[in-house]
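Results of the structural survey
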Amino acid sequence: MEKINYQLKERSRKVELPENLGFGLIFTDHIFEMDYLPEIGWHNPTIKPLENLPMHPASMFIHYGQAIFEGLKAFKTEKGEVVIFRPEKHFKRLNRSARRLCIPEVDVDFMLQALTELVNIEKEWIPIKKGESLYIRPFVYGSDSFLGVKQSSGYKLIILLSPVGAYYPEGFKPVKILVQDKYVRAVRGGIGECKTPANYAASLFAADEARKLGYTQVLWLDAIEQKYIEEVGTMNIFVRFKDEIATPKLSGTILPGVTRDSVIHILKDWGMNITERNVSIDEVISAYEKGDLLGIFGTGTAAIISPVGWLRYKDNEMTINNGQPDDLSLKLFDKITSIQYGLAEDKFNWITHVSKSEVEV
Ligand SMILES: Cc1ncc(COP(=O)(O)O)c(C=O)c1O
């Protein structure tokens, strides 16, 4: 791979971050960008000022959705060090999505180098308050201008950075979830396990209906029998029974979450009985009725752990753990965030330290 080109902007003043960052609202000064053509592969890797994309109205991804993305985070630790959480795992997942969407794969080692260079250049943008971080959004899209349905021959990859606020500024808060038994998110053999825009477009209508009924998000059931739980909103789901913690196994319709994987590792390390298997909504209800349902929580990069306080399925509304976060959710949230902020040992080697770049700005 060629060397990265640097077209860096003069920074005339110190970066000033607003008090409330929110999510995905502000962006850093620079992006990483590279292009793909079949004859030369990925080329022209550049770190350059953020600007609007010049785009032909026939750009293929706009019409047929041939695009993939990732979402990960960088943190400033208590000691002021800059670290990224499990970037290799995210780039490997980007390549998995790439294969399914007929998009050329990227070289993971090169992407790790490009990302650490970019984050190092933009480190002033990393907020330091507890819970805040730098959200990293790599994405790839088919860039040919053509109106027929086929795979694009040219592609663009971009890494965009956005400082984001704490997900729980007022404390860890359980959510209200509606079990969706009408619309489905993904079907076996489809693209549910990929991080690709179509899956998110497919989820909007149901999420909006749930919101109008006073729920934060939906719990998706499998598309064939509408019997087995799959994901909660855009998070993976874990159910804590009396003697077991179960999470749906990865069967092609579920995104293989990096947080899901981290939670499984930690629970195993704690000696807990964690299983990956099919979990039916009837099993959840029957455990609730017997008093054997101790907690339900979602996992994802944005919130890390999101406990479910209320779950509605048809006419049945369950209040889980009195609408309070269960102790295991709290313990897991604390463990993962402590690793991210450098407060706990990085036993599983999940942290990438952002090395000092040769380029100073
Ligand atoms: C559909 C979906 N499921 C699950 C997740 C959780 O994945 P991760 O833990 O890698 O953020 C996400 C978020 O990326 C998602 O979009």
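This text gives an overview of the structure that appears in the document.

1. Here we look at the pairing of strand β15 (residues 293–300)
A large share of β15 lies buried, amounting to 7 of its 8 residues. Pairing analysis gives 6 bridges linking strand β12 (residues 235–241) to β15, with the strands arranged antiparallel. By the bridge assignment for β15, Arg240 is matched with Gly295. Direction of pairing for β15 relative to strand β16 (residues 304–313): antiparallel, over a ladder of 4 bridges. Residue pairing for β16: Gly300 is matched across the bridge by Ile304. In this structure, the hairpin formed by β15 and β16 is closed by a connection of 3 residues.

2. Quick look at the layout of surface pockets
A volume near 1,100 Å³ is recorded for the largest pocket. Considering the residues around the largest pocket, the lining is formed by 48 residues, among which Tyr167, Thr234, Met235, Ala302 and Ala303 are closest to the centre. Taken together, the residues of the lining of the largest pocket break down into 22 nonpolar, 18 polar and 8 charged. Approximately 320 Å³ is the volume attributed to the second largest pocket. Along the walls of the second largest pocket sit 20 residues, with Lys130, Gly131, Tyr168, Phe333 and Thr337 positioned nearest its centre. Counting residues per element, the lining of the second largest pocket draws most heavily on helix α7 (residues 327–340), at 5 residues. Counted by class, the lining of the second largest pocket contains 12 nonpolar, 5 polar and 3 charged residues.

3. Remarks on the nonpolar core
If you look at soluble globular proteins, the nonpolar side chains tend to sit buried side by side. Core analysis: the largest hydrophobic core is formed by 47 residues, its most contacted members being Ile281, Ile296 and Leu311. If you look at the next biggest cluster of nonpolar residues, it comprises 36 residues, including Val82, Ile84, Ile103 and Ile126.

4. Comments concerning the site of the ligand
Close to the ligand lie 16 residues; Lys195, Tyr200, Glu231, Thr259 and Thr301 are nearest. In this structure, a nitrogen atom belonging to the ligand sits 2.4 Å away from a side-chain N or O atom of Glu231. Given that more than half its atoms are within 2 Å of the pocket grid, the ligand belongs to the largest pocket. For the shell around the ligand, the secondary structure elements donating two or more residues are α2 (87–100), β12, α5 (258–269) and β15. Here the shell around the ligand is composed, by residue class, of 4 nonpolar, 8 polar and 4 charged.

What counts as what
Residues numbered from 1 in each chain as written. Predicted model: local features only at pLDDT ≥ 70, side-chain atom pairs only at ≥ 80, totals over all residues. Heavy atoms only, no water. Buried < 20%, exposed > 50% of the residue type's maximum accessible area, 1.4 Å probe, protein only. Helix = DSSP H or I, 4+ residues; strand = E, 2+ residues; numbered from the N terminus. Pairing = 2+ DSSP bridges. 1 Å grid on protein atoms, 1.4 Å probe; cavity = no way out; pocket = protein on both sides within 12 Å on 5 of 7 lines; lining within 4 Å. Points joined across faces, edges and corners; volume = space filled by probe spheres on them. Nonpolar A, V, L, I, M, F, W, Y, C, P; charged D, E, K, R; others polar. Core = buried A, V, L, I, M, F, W, Y, C linked by side-chain atoms within 4.5 Å. Near = heavy atom within 4 Å. Polar contact = N/O pair within 3.5 Å; in protein donor to acceptor, adjacent residues only side chain to side chain. Sits in = over half its atoms within 2 Å of the grid points.

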